[in-house]
Amino acid sequence: MNGASKIRSTPFPGGVLNFEYLMSAQTIRKIGRVTSVSVAKGTGRTWQQWIAILTEHGAARLSHQKIVAWLASKYKLGPWWQQGVTHGFEVHIGRRIDGQNQKGLYSTTATKSIPVSSSALWKFLFSKPGLEAWLAPLGPFKLEKDFVYETRSGHYGQIRTYLKGTRLRLSFLHPDWGRATFLNLLVVSRKPTKTGKTHCLIVFTHDGLRTVAEKNEFHARWRASVERVAQMTTKPC
């Protein structure tokens, strides 16, 4: 155990890992940045339940890809939570560090719920003030595949894929790096709140980072970006 998951536990009876004991004796409140409350809202099960289920299935002996495929087939999780639950399990058993993928590279994610429709948020993100809030391109930005961009921070890249209104994937490079990282922007529609208010989720995920220092640097950058976007889209007219 690497301390990434916050857990209260006692030794297993007789040193044997038992499904029922695991369910009753441990309370996992958080793995990495993801709380048990969040994973329960997204999947219908807590971290405690997912760790028990995956342990019983023998997931510690499976590859990352096989765990993802099993969660998709058996529990019908969407792509976001297939990866999230698998990653949390691997962090919990000490297979990897939070934010690190199976190749040893790091990723970081910044998210925020914003009280506007997903279509309104998407439109804002690619307006001139919206682009300034998160990407700060040097010149005009065209939302089309293979478009090459450059930012005022010295980064550059190319649009790899996009689905209008929903997601965008960019290569994201710097002349000093000698290799590409990838920035994913996702806008997720959410059901109206109990009071009928519209809201959606913005997600920045930056993959392919080589060091913890890079991970921390870009987490701060995209965290600041989502806060700026939220402030600009919800300020009074």
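Everything that follows concerns the structure shown earlier in this document.
Summary of the structure given here. Predicted model, so just to flag it, every value in this text is computed and none were measured.

Attention shifts here to unusual backbone geometry. A negative phi holds for most residues other than glycine; trans holds for most peptide bonds. One non-glycine residue, Ala-136, adopts positive backbone phi at about 55°. Among the secondary structure elements, Ala-136 is positioned in the loop between helix 7 (128-134) and strand 5 (148-150). Located in the positive-phi region is Asp-146, a residue other than glycine, with phi close to 75°. Of note, Asp-146 is situated in the loop between helix 7 and strand 5.

Taking strand neighbours across the sheet as the criterion, the six strands line up as 4-9-8-7-6-5 in an open arrangement whose pairing is antiparallel. In the strand order of this sheet, the two ends are held by strand 4 (106-114) and strand 5, each with one partner. Across this sheet, the average inter-strand angle for adjacent strands is 20°, counted without regard to direction. Judged from the three bridges that link them, strand 5 and strand 6 (residues 156-163) form a sheet pairing that is antiparallel. For Glu-150, the partnering residue across the bridge sits in strand 6 and is Tyr-156. Sheet strands touched by helix 6 (residues 118-125): strand 4, strand 6, strand 7 (167-172), strand 8 (181-189) and strand 9 (200-209). Its angle to strand 8, the strand with the most contacts, is close to 145°.

By secondary structure assignment, the location of Asn-184 is in strand 8. Of the polar contacts made by the side chain of Asn-184, one reaches the side chain of Arg-169; its length is 2.8 Å. At 3.0 Å, the side chain of Asn-184 forms a polar contact with the side chain of Asp-207. Filtering out sequence-adjacent residues up to four positions away, Asn-184 remains in contact with Leu-168, Arg-169, Val-203, Phe-204, Thr-205 and Asp-207.

Time to look at the pattern of salt bridges. Within this structure, the stated rule accounts for six salt bridges. Where Glu-227 meets Lys-112, a salt bridge forms, and the shortest distance between an N and an O atom there is 3.4 Å. In this pair, Glu-227 sits in helix 8 (residues 212-234) while Lys-112 sits in strand 4, placing the two residues 115 residues apart along the sequence. Since its relative accessible area comes to 34%, Glu-227 is described here as partly exposed. Of the charged contacts, one joins Glu-214 and Arg-179 as a salt bridge, the two residues approaching to 2.7 Å between their closest N and O atoms. One end of the pair, Glu-214, is in helix 8; the other, Arg-179, is in the loop between strand 7 and strand 8, with 35 residues separating them in the sequence. Judged by relative accessible area, Glu-214 falls into the buried class, the value being 13%. Given the relative accessible area of 16%, Arg-179 is considered buried. Residues joined in a network through salt bridges with shared partners are Lys-112, Arg-223 and Glu-227.

Cut-off values and rules
Residues numbered from 1 in each chain as written. Predicted model: local features only at pLDDT ≥ 70, side-chain atom pairs only at ≥ 80, totals over all residues. Heavy atoms only, no water. Helix = DSSP H or I, 4+ residues; strand = E, 2+ residues; numbered from the N terminus. Pairing = 2+ DSSP bridges. Axes fitted to C-alpha atoms, helices over the stretch in contact; angles between N-to-C directions. Contact = heavy atoms within 4.5 Å. Polar contact = N/O pair within 3.5 Å; in protein donor to acceptor, adjacent residues only side chain to side chain. Salt bridge = Lys/Arg side-chain N within 4 Å of Asp/Glu carboxyl O. Buried < 20%, exposed > 50% of the residue type's maximum accessible area, 1.4 Å probe, protein only.

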